[in-house]
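Commentary on secondary and tertiary structure
Chain by chain, the residues:
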Amino acid sequence: MARTGLSDAARVARWADAALRPGRDGANPGGKGALSDATAERAAADLGLTPVQARADWDTARLAGLIEVHGDSARPGWRLRAWSRDDSAVLRGWVALFDAWSLAYPEPVDREPAAVAEVVSAMPQVLSFLQLSAGPVPVDQLLDLLGQRVTELRTERCEISYGPAPEPAPEPAEIPDAPLAPLLDWALHALASVGALTYGEGQATLTPLGSWAVWVKLEQICVAAQSPAGNIEQSAEDMLRGCAQLRPNAARAEYRAWLAARTVGSAVTELIAAARGEDALTRGLAFEALRVVGAPAEPDVRAVVEDTPLRPYALLWLAEHDGHDPEDAHEVLTRAESTWLWVDTAAAVADHGEAPLLVRHLESAVQPTVPALLDEVREVGHPRTVQVLVALAAAHPDPALAKAVRRAAFQVHTGGS
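Bear in mind that the values here come from a model prediction, so they are computed numbers and not experimental data. (Residues numbered from 1 in each chain as written. Predicted model: local features only at pLDDT ≥ 70, side-chain atom pairs only at ≥ 80, totals over all residues. Heavy atoms only, no water.)

Bringing the sheet that holds strand E5 (residues 203-206) into the picture now. Pairing in this open sheet of three strands is antiparallel, and the strands run E3-E5-E4 from one edge to the other. Strand pairing shows two members of the sheet lacking a second neighbour, strand E3 (137-138) and strand E4 (197-200), which therefore form its edges. Alignment of E4 against E5, held across four bridges, turns out to be antiparallel. Bridge pairing links Leu197 to Leu206 in E5. Here helix H6 (residues 113-133) sits on the sheet and contacts E3, E4 and E5; the angle it forms with E5, its principal contact strand, is near 75 degrees. Of the strands in this sheet, E4 and E5 are in contact with helix H8 (residues 181-193), which crosses E4 at around 135 degrees. (Pairing = 2+ DSSP bridges. Helix = DSSP H or I, 4+ residues; strand = E, 2+ residues; numbered from the N terminus. Contact = heavy atoms within 4.5 Å. Axes fitted to C-alpha atoms, helices over the stretch in contact; angles between N-to-C directions.)

This part covers H6. Note: α-helices contain 3.6 residues per turn, so residues at a spacing of three or four share the same orientation. Over its 21 residues, H6 runs 30 Å from end to end, which matches the ideal 30 Å to within 8%, given 1.5 Å per residue. The largest bend in H6 comes to about 35 degrees, at Ala122, with the proline Pro124 one to four residues further on. What H6 keeps buried is the set Ala115, Val116, Glu118, Val119, Ala122, Met123, Val126, Leu127, Ser128, Leu130 and Gln131. Where H6 terminates, the next one or two residues include Ala134, which has phi positive at roughly 55 degrees. (Expected span 1.5 Å × (residues − 1). Bend = angle between axes of the 7 residues up to and from the residue. Buried < 20%, exposed > 50% of the residue type's maximum accessible area, 1.4 Å probe, protein only.)

On the surface, Asp325, Glu327, Asp328 and Glu331 cluster together to form a negatively charged patch. Asp328 gets classed as partly exposed once you look at its relative accessible area, which sits at 37%. (Patch = residues over 30% accessible without salt bridge, like charges linked within 9 Å, V, L, I, M, F, W, Y side chains within 5 Å. Areas by Shrake-Rupley, 256 points an atom, 1.4 Å probe, with all protein chains shown as cover. Salt bridge = Lys/Arg side-chain N within 4 Å of Asp/Glu carboxyl O. Lys, Arg positive; Asp, Glu negative; His and termini not counted. Charge placed at Lys NZ, Arg CZ, Asp CG, Glu CD.)

Examined against the element boundaries, Phe98 turns out to sit in helix H5 (residues 87-99). Each C-alpha atom, one on Phe98 and one on Ser193, is 9.6 Å from the other, the two residues being 95 residues apart in sequence. Sequence-distant contacts of Phe98, that is, excluding residues within four places in its chain, are made with Leu127, Leu191, Val194, Ala196, Ala213, Val214 and Lys217.

With respect to the secondary-structure elements, Asp144 resides in helix H7 (residues 139-156). Taking the C-alpha atoms as reference points, Asp144 and Val126, separated by 18 residues in sequence, lie 9.9 Å from one another.

Next comes the structure, spelled out in structure tokens:
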């Protein structure tokens, strides 16, 4: 159903990918990612549509993430690239469109923006009621529910005065349903336009896709409410530090709860920013959290591949995303990248682990011998090399090997060979 509902949008997105690619004549789609008149007419002619239909499909493609707008230009989104091979990308695109239902259908021009905003805020409860009803619901019943919810929202916004005590205010009156009727009509038409429900003959019914989307939203709320370690309101960096001592399954549960309380875009941005910090453990955990995000994080992960501290992590993430077995993903790294990652991981162990763990970390190096490892560690230029080697020398029980490691640390520190 999601593929069918987005097929026209995917068609115009593919057309844009071919026709508006940089370097082509007339490649600029228009200001702020909207179709210019000339481009809309060109799309209509090429696709056998009217300009109005071309614009509508373009707007749907933008809302579904099949087209991404960056400034005044547009480019294909990751969901379009994954369209043929990843059903979850299609579903995520439709959920993005569902989330943007209030933008998909023109709102009444004769209504106050504040009233429109109240209805948008109240509609999740209306949708939940439709989902629980599992069948047609009369519009009059929905209108009554909407009125009650808007009244609750207005009551919740009441502010406490810190001046002289005023006369007791009367109980807030129920909002008459009549002024809300046109706004409910607009909301139901908008939700019908994205395929979330059917609307007609005085009743509304969630489609199977709409019912699934509402269930997903409710599940996300439940997941967010069950943050096992209580880090849901923390920044990405603080959340990751809070997960450092958790077992992998518990940490993943915490990542999911933290992600459920945020938009994907803002969460990924926070995680990437945390990965750029000086704490190597946080960097590694940030990419573990990005694995929980999955495909939506791909553009941001790909964008940091040339960032030296993040490159090995990003390459491994992308390899696993592309289907490599996690145990074999390291094969995509060069020797120098593997060595950099070894030092970075050793820094995390030195800062947060125990001495025996740092000694065992030697076994994970790609070099066959410790002298070879030390030679290549000196070459990669990791900023924590000296500290890692000093910590390893202090922890290793073999005096001869510890002496060689200390010598290597001194040479890195003094710039000698």
